[in-house]
Amino acid sequence: MTVTTQKTTISAYGRLLDLAREASLLGSTAQLLGWDQEVLMPGGGLDYRSRQLAQLARMHHEMVTDPQFGDLLTQCESDSELTADPTSDEAVNVRELRWAYDRKTKLPPALVEEEAKISSIGQHTWAEARRNKDFSQFQPVLEKIIDLLRRKAECYGWGEGGEPWDALAEDYEKGCTAADVETVFIPLRDRLQSLLGELMGSSTKPSNTFNELPLPLEQQQKFVKFVSETIGFDYSRGRLDTSTHPFCSGTHCNDIRLTTRYHEANVNDALGSTMHEAGHGIYEQGLSYEHVGTPMGNSVSLGIHESQSRMWENQVGRCEAFWRWCYPKLGDFFGTAINGMSFEDVYGGVNIVSSGFIRVEADEATYNMHIMIRFELERAIIGGDLAVADIPDAWNQKYKEYLGLDVPDDAKGCLQDIHWSMASMGYFPTYTLGNLYAAQFFEKALKDMPDLEGQFERGEFDTLKIWLNTNIHAPGQRYRAADLCVQVTGQPLSADPLLRHLEGKLRPLYGI
Ligand code: CO
């Protein structure tokens, strides 16, 4: 290759990154407006805010589908030196920007518009049907949504031997197929079912008193901020506010916004939510500022993101060593209000398992059953094996089979989640994939640092945070989720670490 062509392609790469960064400036600005809408904006601002966000979304879409973007990508790809090492910053950025560009340009604008319309009608109709506990009101719109999703899947296409569900899931978890998910979900489902049977059948159960103890909200706020700061969320580059549904947002790694929620009678809900969102935030803060706005400065996938939140919430925040440190802190923050709560009441209370109808209220173990039910159903719906009209029956049957529950009505059943009404299918498994990745990463962290739990007992969480920064956060999108798992743990994703984690912790708590 001559010096001149190399210069041209290097500058094509430079221009490509400039465009990606410009698009990211716009996208992150929209994120900040979204945060403001949930946290600060007065209700009167809603109409104009929707127009602001729609305008930014239009401009963002134009930027990332500009044919110039495609031309620059082609120039970069034709430079074999630039992409010679597939894990170099340059090759990774070109690979992932290509993926995103193809994805965005595969959908005809008419279909994108139709999707926006139908999901707006879908959410409205779903909310009303849920209020009336009547799936039949939602059914005609859901049928239209499913039809649209099938056409969308056709536009994206899927790999050989795959299925339409795969095409939709890639919006949330690149490279994820239903077959991959099934490989880990089936053993998880079967062993979890027998673990739940053991726990429910035991006459020993942890006390629930800690989850019913009223504690002042002001102290709760100070307490969860203290814990999130101690585990490593950096408040000089982030903040914590209150919202109805907790989330993690922000514009880039040096400005991360967490939200949580408080209930007087359940500090564990605020603590769990805050540690969860702080886990997302610690991931975001661990991304590289140097690579901001490019794939090398972005998180890998929703599943990997969720692994970071779940690890801090569950592997850390619900383990015995953590509570050996945190239990005395309850006294520091809540004074005499906490009197009479033993260590066992608290540690047992945060780990109670009980089958319920509602996914978002589920505990660490049964949560995965809720996800598997949704995965099995949406795969059948998109694949054409389950008619929309038959969803309530199929739903109720699976709740009986997997969780032993008789669903009383559609509001507590198939109408409880907003996702399908927003034309979103393939999203649910990322929650359980997150749990699985969290457990597998954490097992490896324990192997690498055998004193980790001793450190937790002393309130030291730095070693784990730095390990996560190095192995998972700083590499950005250098590896896709499945490859990252092999890279970090030496093994492909498996159900075993999560089952070992749940069985090892829950059996003793239930006297088994
Ligand atoms: Co999360």
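Please read all numbers here as calculations on a predicted model, not as lab measurements.

S.K.: How should I be thinking about the overall build of the chain in this particular structure?
M.R.: Across its full length, the chain holds 20 helices and 3 strands. For 512 residues, the compact-globule estimate of 2.2 N^0.38 gives 24 Å, and the C-alpha radius of gyration of the chain, at 24 Å, lies within 12% of that figure. Considering only C-alpha atoms, the chain reaches an extent of 75 × 55 × 50 Å along its principal axes. Within the span of the chain, comprising 512 residues, buried residues form 53% of the whole. Sequence separation of at least 24 residues holds for 73% of the intrachain contacts in the chain that already meet a minimum separation of 6. Accessible area of the chain: about 22,200 Å², with a carbon and sulfur share of 51%.

S.K.: When you look at the sheet that holds strand β1 (residues 238–242) in this model, what are you seeing that I'm missing?
M.R.: Each strand in a sheet pairs with its neighbour through backbone hydrogen bonds, running either in the same direction (parallel) or in the opposite one (antiparallel). Spatially, 3 strands are ordered β1-β3-β2 in an open sheet, and the strand pairing comes out mixed. Single-partner strands in this sheet number two, and they are β1 and β2 (248–252). Adjacent strand axes in the sheet meet at a mean angle of 20 degrees when their direction is disregarded. Contacting β1, β2 and β3 (255–260), helix α10 (residues 267–285) runs over the sheet at an angle of about 165 degrees to β3.

S.K.: I would appreciate a short explanation of the pattern of salt bridges in the present structure.
M.R.: One side chain can pair with another of opposite charge once the charged atoms of both are near each other. For the structure on display, the rule yields 38 salt bridges. The shortest N-O distance in the salt bridge between Arg 379 and Glu 182 comes to 2.8 Å. Taken as a pair, Arg 379 in helix α14 (residues 367–383) and Glu 182 in helix α8 (residues 178–201) lie far apart in primary sequence, 197 residues in all. Taking relative accessible area as the criterion, Arg 379 reaches 19% and is therefore assigned buried. Classification of Glu 182 by relative accessible area gives partly exposed; the value is 32%. Residues Asp 255 and Arg 257 are paired through a salt bridge, measuring 2.6 Å at the closest nitrogen-oxygen approach. Residues Asp 255 and Arg 257 agree in their burial class; the two are buried.

S.K.: I keep staring at the nonpolar core and nothing clicks. Help me out?
M.R.: Nonpolar side chains tend toward joint burial in soluble globular proteins. In this structure, Phe 223, Phe 322, Trp 323 and Leu 464 are the most contacted members of the largest nonpolar core, which totals 128 residues. Apart from residues lying up to four places away in sequence, Trp 323 is in contact with Leu 271, Gly 317, Arg 318, Pro 328, Leu 330, Phe 343, Val 346, Tyr 347 and Val 350.

S.K.: How do you make sense of the coordination of the cobalt ion when you look at a structure like this?
M.R.: Four donors placed tetrahedrally about a metal ideally form angles of 109.5 degrees, and six donors placed octahedrally ideally form angles of 90 or 180 degrees. Surrounding the cobalt ion are the protein donor atoms His 276 (NE2), His 280 (NE2) and Glu 306 (OE), which sit 2.2 to 2.3 Å from the metal. Motif for the cobalt ion, donor spacing along one chain: H-x3-H-x25-E. Residue His 276 is located in helix α10, and its partner Glu 306 is located in helix α11 (residues 302–316); the two are separated by 30 residues in the primary sequence. As far as burial versus exposure is concerned, His 276 and Glu 306 are alike and both buried.

S.K.: Would you mind going over the packing of aromatic side chains with me for this structure?
M.R.: For any pair of aromatic rings, the description rests on two quantities: the centre-to-centre distance and the angle between the ring planes. One pass over the structure, following the stated rule, counts 27 aromatic pairs. Arranged with centres 5.8 Å apart and planes meeting at 25 degrees, the rings of Phe 343 and Tyr 347 form a pair that is stacked. In this pair, Phe 343 and Tyr 347 both sit in helix α13 (residues 343–349), 4 residues apart, roughly one turn of the helix. Here Phe 343 and Tyr 347 have matching classes, each one buried.

S.K.: Sorry, what's going on with the packing of helix α9 (residues 217–231) against helix α12 (residues 320–334) here?
M.R.: Angle between the axes and distance between the axes: these two values describe a pair of packed helices. In the contact formed by α9 and α12, the axes pass within 10 Å of each other and the chain directions differ by 145 degrees. In terms of crossing hand, the pair formed by α9 and α12 is right-handed. Across the interface between the two elements, Gln 219, Gln 220, Lys 222, Phe 223, Phe 226, Val 227 and Thr 230 from α9 touch Phe 322, Trp 325, Cys 326, Lys 329, Leu 330, Phe 333 and Phe 334 from α12. In terms of residue class, the contact of α9 with α12 is made up of 9 nonpolar, 3 polar and 2 charged.

S.K.: What am I meant to see in unusual backbone geometry here?
M.R.: Leave glycine aside and you will find that most residues have negative phi; peptide bonds, for their part, are mostly trans. Unlike most non-glycine residues, Lys 133 shows phi in positive territory, near 55 degrees. Along the chain, Lys 133 turns up in the loop between α5 (109–131) and α6 (135–156). With a relative accessible area of 47%, Lys 133 lands in the partly exposed category. Backbone geometry at Ala 423 places phi at a positive 60 degrees, although glycine is not the residue there. On the secondary structure map, Ala 423 appears in the loop between α15 (391–403) and α16 (429–448). For Ala 423, a relative accessible area of 4% corresponds to the buried category.

S.K.: Explain the domain arrangement of the chain here, please?
M.R.: Interfaces are often described in size by the accessible area the parts lose on coming together. Under the domain assignment used here, the chain contains domain 1 (3–105) and domain 2 (203–357 + 391–414 + 435–509). One C-alpha centre belongs to domain 1, the other to domain 2, and the line joining them spans 31 Å. Residue-level contacts link 19 residues of domain 1 with 21 residues of domain 2. A buried area of about 1,700 Å², summed over both sides, lies between domain 1 and domain 2, and 55% of it is on carbon and sulfur atoms. Across the domain 1-domain 2 interface, the total number found is 2 salt bridges. For Arg 478, the salt bridge is made with Asp 89, and the minimal N-O distance between the two is 3.2 Å.

S.K.: Got a minute to help me understand helix α18 (residues 462–473) in this structure?
M.R.: The end-to-end C-alpha distance of α18, which contains 12 residues, comes to just 14 Å, noticeably less than the 16 Å that a straight helix rising 1.5 Å per residue would cover. Taken together, the buried residues of α18 touch α9, α10, α11, α16, α17 (452–457) and α19 (481–489).

Cut-off values and rules
Residues numbered from 1 in each chain as written. Predicted model: local features only at pLDDT ≥ 70, side-chain atom pairs only at ≥ 80, totals over all residues. Heavy atoms only, no water. Helix = DSSP H or I, 4+ residues; strand = E, 2+ residues; numbered from the N terminus. Rg over C-alpha atoms; globule rule 2.2 N^0.38 Å. Buried < 20%, exposed > 50% of the residue type's maximum accessible area, 1.4 Å probe, protein only. Contact = heavy atoms within 4.5 Å. Areas by Shrake-Rupley, 256 points an atom, 1.4 Å probe, with all protein chains shown as cover. Pairing = 2+ DSSP bridges. Axes fitted to C-alpha atoms, helices over the stretch in contact; angles between N-to-C directions. Salt bridge = Lys/Arg side-chain N within 4 Å of Asp/Glu carboxyl O. Core = buried A, V, L, I, M, F, W, Y, C linked by side-chain atoms within 4.5 Å. Donors = N, O, S within 2.8 Å, 3.2 Å for Na, K, Ca; no water. Phe/Tyr/Trp six-rings, centres within 6.5 Å; stacked < 30°, edge-to-face > 60°. Left-handed = near helix turned anticlockwise from the far one by under 90°. Nonpolar A, V, L, I, M, F, W, Y, C, P; charged D, E, K, R; others polar. Domains from an automatic or database assignment. Buried area = accessible area lost by both parts, 1.4 Å probe. Expected span 1.5 Å × (residues − 1).

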